[in-house]
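Overview (structure and organization)
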Amino acid sequence: MLQADAATAPARLIAGGATILGASVLADSSIEHYRGSFHHPAMAVPIVAAVAAIRVNAAGGRDRSSVPNEPLRDPAQRPERRPRTPAHAAIAAAGAAGLGFHGWDIARRVGHLRWSTLFYAAPIGAPAALILSGALGAAADALATRDPRLGPLPVGGRFVGALAVIGLVGTSAEAALLHFRGAFHSPWMWLPVTLPPLAALALARDTLSGVPKDTSWALLGATALLGFVGAGFHARGVARNMGGWRNWRQNLLVGPPIPAPPAFTGLALAGLGALLLMRRGHG
């Protein structure tokens, strides 16, 4: 049985990470699909799903914030938190459908899977952020129950750590592809393709062993900070386009995506929650 007090802080971190992922998808898909003129009605789906992800995960965080105010109640006697699994499943399903649409967009282009297609077609990995937001949100909710499980899988530090590792690797690959398209013209563009993969490696090691190391805390903390710093660099990139921020209607569409780097922050927070669970013996 998982003690509620021991799971509260990690669950807040994981729910916070899932909320940031939802916010990143909301801003990024709104801009990118507006640029695509919403030529297909399904392009509105990720926006609706991202709004739902923010609302559901933020509500989960508020629920957990009340737990420390019940110090005299035996955690085993507390009522079960109302699971939001159907909502999280719907959010993840919207992400899976988006992944299929983006893959189909690449497959139907001339030349199919090639560098030029990957550079300029719908980003293949972007919808996966919704899948991770749904899965991490469901995991955070499960941690508020007495027997945290998602289906047959027990939810603990290793489960959340594995999700964060997958997300960090996928997001780093997407950043590598797009920064390669940008010819790595700034040395700072190497940071998102080196630091998050190192954090993913460290977290994968801890997930396998169930024992968090100091290096993992440091690398995930730096990756969380990198998400905000990256957004600042992308904002600077937008400002360097013709007309700068005075021409924001055009430059936001053609400049580097400002909402993309905070996805690293969301995944790193989830990874830190996983480490906290492992340190408290809930691997």
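Residues numbered from 1 in each chain as written. Predicted model: local features only at pLDDT ≥ 70, side-chain atom pairs only at ≥ 80, totals over all residues. Heavy atoms only, no water.

Quick look at the overall build of the protein chain
Tallying secondary structure elements over the protein chain gives 10 helices and two strands in all. Across the protein chain, helices and strands are ordered from the amino to the carboxyl terminus as α-α-α-α-α-β-β-α-α-α-α-α. Here the protein chain holds 283 residues, and the buried ones make up 46% of them. (Helix = DSSP H or I, 4+ residues; strand = E, 2+ residues; numbered from the N terminus. Buried < 20%, exposed > 50% of the residue type's maximum accessible area, 1.4 Å probe, protein only.)

A closer look at the nonpolar core
Of all hydrophobic cores here, the largest spans 46 residues; its most connected members are Leu136, Val160 and Leu220. Looking at this core, the element that brings in the most residues is helix H10 (residues 262-279), giving 11 residues. Here Leu220 is in contact with Leu168, Ala199, Leu203, Ala268, Gly271, Leu272 and Leu275, once residues within four sequence places are set aside. (Core = buried A, V, L, I, M, F, W, Y, C linked by side-chain atoms within 4.5 Å. Contact = heavy atoms within 4.5 Å.)

Points about the packing of aromatic side chains
Under the defined criterion, the tally for this structure stands at six aromatic pairs. Relative to Trp190, the ring of Phe184 lies with its centre 4.0 Å away and its plane at 15 degrees, an arrangement referred to as stacked. When the ring centre of Trp104 is taken as reference, the NZ or CZ atom of Arg108 above it lies at 4.9 Å. (Phe/Tyr/Trp six-rings, centres within 6.5 Å; stacked < 30°, edge-to-face > 60°. Lys NZ or Arg CZ within 6 Å of the ring centre and 35° of its normal.)

Let's talk about the environment of Trp190
By the secondary structure assignment, Trp190 is in the loop between helix H6 (157-181) and helix H7 (195-209). Of the residues examined, Trp190 reaches a relative accessible area of 46% and is grouped as partly exposed. In the structure, Trp190 is positioned 15 residues away from Ala175 in sequence and 9.4 Å away in space, judged by C-alpha atoms.

Some thoughts on helix H3 (residues 85-107)
Between its first and last C-alpha, H3 extends 33 Å over 23 residues, near the 33 Å set by a 1.5 Å rise per residue. Within H3 the residues assigned to the buried category are His88, Ile91, Ala92, Ala94, Gly95, Gly98, His102, Asp105 and Ile106. (Expected span 1.5 Å × (residues − 1).)

With respect to the packing of H7 against H10
Between H7 and H10, the shortest axis-to-axis distance is 11 Å and the interhelical angle comes to 25 degrees. The angle between the axes of H7 and H10 places the two elements in the roughly parallel class. Crossing hand, H7 versus H10: left-handed. Of the residues in H10, those in contact with Pro196, Leu203, Asp206 and Thr207 of H7 are Phe264, Gly271, Leu275 and Met278. Across the contact of H7 with H10, the residue classes break down as five nonpolar, two polar and one charged. (Axes fitted to C-alpha atoms, helices over the stretch in contact; angles between N-to-C directions. Parallel < 35°, antiparallel > 145°, perpendicular 65-115°, else oblique. Left-handed = near helix turned anticlockwise from the far one by under 90°. Nonpolar A, V, L, I, M, F, W, Y, C, P; charged D, E, K, R; others polar.)

A closer look at the confidence of the model for the protein chain
Averaged over all residues, the pLDDT of the protein chain is 88; the fraction at 70 or higher stands at 89%. Low pLDDT (under 50) marks residues 66-73, which in the prediction has 10 contacts with non-local residues, meaning those over four places away or in another chain. (pLDDT = per-residue confidence, 0-100.)

Considerations on unusual backbone geometry
One non-glycine residue, Ala183, lies in the positive phi region at around 60 degrees. In this structure, Ala183 sits in the loop between H6 and H7. When its relative accessible area of 58% is taken as the criterion, Ala183 is described as exposed.

Re H10
Look at H10: 26 Å from first C-alpha to last across 18 residues, which is about the 26 Å you get at 1.5 Å a residue. Of all 18 residues making up H10, 17 are buried, and the element is well covered by its neighbours. Backbone geometry just downstream of H10 places Gly281 in the positive-phi region, at approximately 85 degrees.

What to know about the packing of helix H5 (residues 128-142) against H6
Across the interface, H5 lies against H6 with an axial gap of 11 Å and an inter-helix angle of 165 degrees. With respect to H6, the element H5 is oriented roughly antiparallel. The element H5 and its partner H6 pack so that their crossing is left-handed. Only Phe159, Val160, Leu163 and Gly167 of H6 make contact with H5, whose side of the interface consists of Leu132, Ala135, Leu136 and Ala139. Classifying every residue of the contact of H5 with H6 gives seven nonpolar, one polar and no charged.

Examining the pattern of salt bridges
Working definition: two side chains of opposite charge can pair if their charged atoms are close together. For the structure shown, the criterion picks out six salt bridges. With a closest N to O distance of 3.2 Å, Arg84 and Asp141 form a salt bridge. Taken together, the residues Arg84 in the loop between helix H2 (45-65) and H3 and Asp141 in helix H5 connect sequence positions 57 residues apart. A single burial state applies to Arg84 and to Asp141, both of which are buried. Arg109 is the salt-bridge partner of Asp105, the closest N and O atoms lying 3.5 Å from each other. Owing to a relative accessible area of 11%, Asp105 belongs among the buried residues under this scheme. According to the relative accessible area criterion, Arg109 is partly exposed, its value standing at 33%. Put simply, Asp105, Arg108 and Arg109 are held in one network by salt bridges that share partners. (Salt bridge = Lys/Arg side-chain N within 4 Å of Asp/Glu carboxyl O.)

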